[in-house]
Amino acid sequence: MSITLTTLRSQVREMMDLDEQDLPDTVIDQFAREGFQRIYALERRWPYLQETYTFNTVANQREYTISTIGDIREIISVIENSTSGSRLTLIPYDNAEEIWLGNTDVPSRPYFYSFWNQKLQLWAKPDVVYNMVVRAYRNPVYTWLTNVNEAIDLDEWFHSILPYFVLARSYQRQEDAQLSAMHMNSFEQGVSLARRDLMKA
């Protein structure tokens, strides 16, 4: 079942038998964000972040700003999607520069791509408009921190686990080392189990 920040606040206060004066929203929200970021720090490729984006090339234009394609965390593949299309091969930017240089930099169908300075480069630069498909992992969304009734942007596996992190940090704030350690251990074990399940090949 999905969890929102509103639900998380209620659960934590109920489990600790505290009211909003004892444990303000701002404190819970800060701890929730910490736990959220800790989960994302473990993996760049959580399956629930998979997205497919499309964009059209512009004739004679090599570079495309990644943020205009989508809120992308990591690109996995780029496909030229015409009738005779192909999957492009990733090439280091400096290697591509050595090949497509001066008179050899002639526009044609792109077969390679690279990254540099938050931009996607196509090699060769397109001679006409091509429809491109980008498979990627998106960035996590933080709108749940301001829209408190929006589901927290995590796989449902983590929705029942995140409260343990908030509880651990809240007990730490109260200087209760034993309960803090107990809940942090529950959080870490839960994340480990979820990670094992979600990252199966």
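Residues numbered from 1 in each chain as written. Predicted model: local features only at pLDDT ≥ 70, side-chain atom pairs only at ≥ 80, totals over all residues. Heavy atoms only, no water.

Peer 1: Any chance you could explain the overall build of the protein here in plain terms?
Peer 2: Helices and strands together make up the secondary structure of the protein, namely 7 helices and 8 strands. Against the compact-globule benchmark of 17 Å for 201 residues, the protein has a radius of gyration of 23 Å, which places it well outside the compact range. The C-alpha extent of the protein, read off along each of the three principal axes, is 70 × 30 × 30 Å. Expressed as a percentage of its 201 residues, the buried residues of the protein come to 44%. Restricting to contacts in the protein with at least 6 residues of sequence separation, those with at least 24 account for 69%. (Helix = DSSP H or I, 4+ residues; strand = E, 2+ residues; numbered from the N terminus. Rg over C-alpha atoms; globule rule 2.2 N^0.38 Å. Buried < 20%, exposed > 50% of the residue type's maximum accessible area, 1.4 Å probe, protein only. Contact = heavy atoms within 4.5 Å.)

Peer 1: What exactly am I supposed to notice about the sheet that holds strand S8 (residues 131-138) here?
Peer 2: Strand pairing in a sheet relies on backbone hydrogen bonds, with the paired strands running either antiparallel or parallel. In spatial order, the strands read S1-S8-S3-S4; together these 4 strands make up an open sheet with antiparallel pairing. If you trace the sheet from one side to the other, it starts and ends with strand S1 (50-56) and strand S4 (86-87), each paired once. Here 7 bridges tie S1 to S8, and the two strands are oriented antiparallel to one another. By the bridge assignment, Asn 56 is partnered in S8 with Asn 131. (Pairing = 2+ DSSP bridges.)

Peer 1: Just checking my understanding: could you explain the packing of helix H2 (residues 25-42) against helix H7 (residues 177-198) for this structure?
Peer 2: Relative placement of two packed helices is described by the angle separating their axes and the distance separating the axes. Axis separation between H2 and H7 bottoms out at 12 Å; the angle between their running directions is 40°. Both H2 and H7 take part in a crossing whose hand is right-handed. Packed against H2, whose contacting residues are Gly 35, Arg 38, Ile 39 and Leu 42, the element H7 presents Met 184, Phe 187, Glu 188, Val 191 and Arg 195 at the interface. Residue classes in the contact of H2 with H7 are distributed as 5 nonpolar, 1 polar and 3 charged. (Axes fitted to C-alpha atoms, helices over the stretch in contact; angles between N-to-C directions. Left-handed = near helix turned anticlockwise from the far one by under 90°. Nonpolar A, V, L, I, M, F, W, Y, C, P; charged D, E, K, R; others polar.)

Everything listed here is a matter of coordinates, which is why it stays silent on function.
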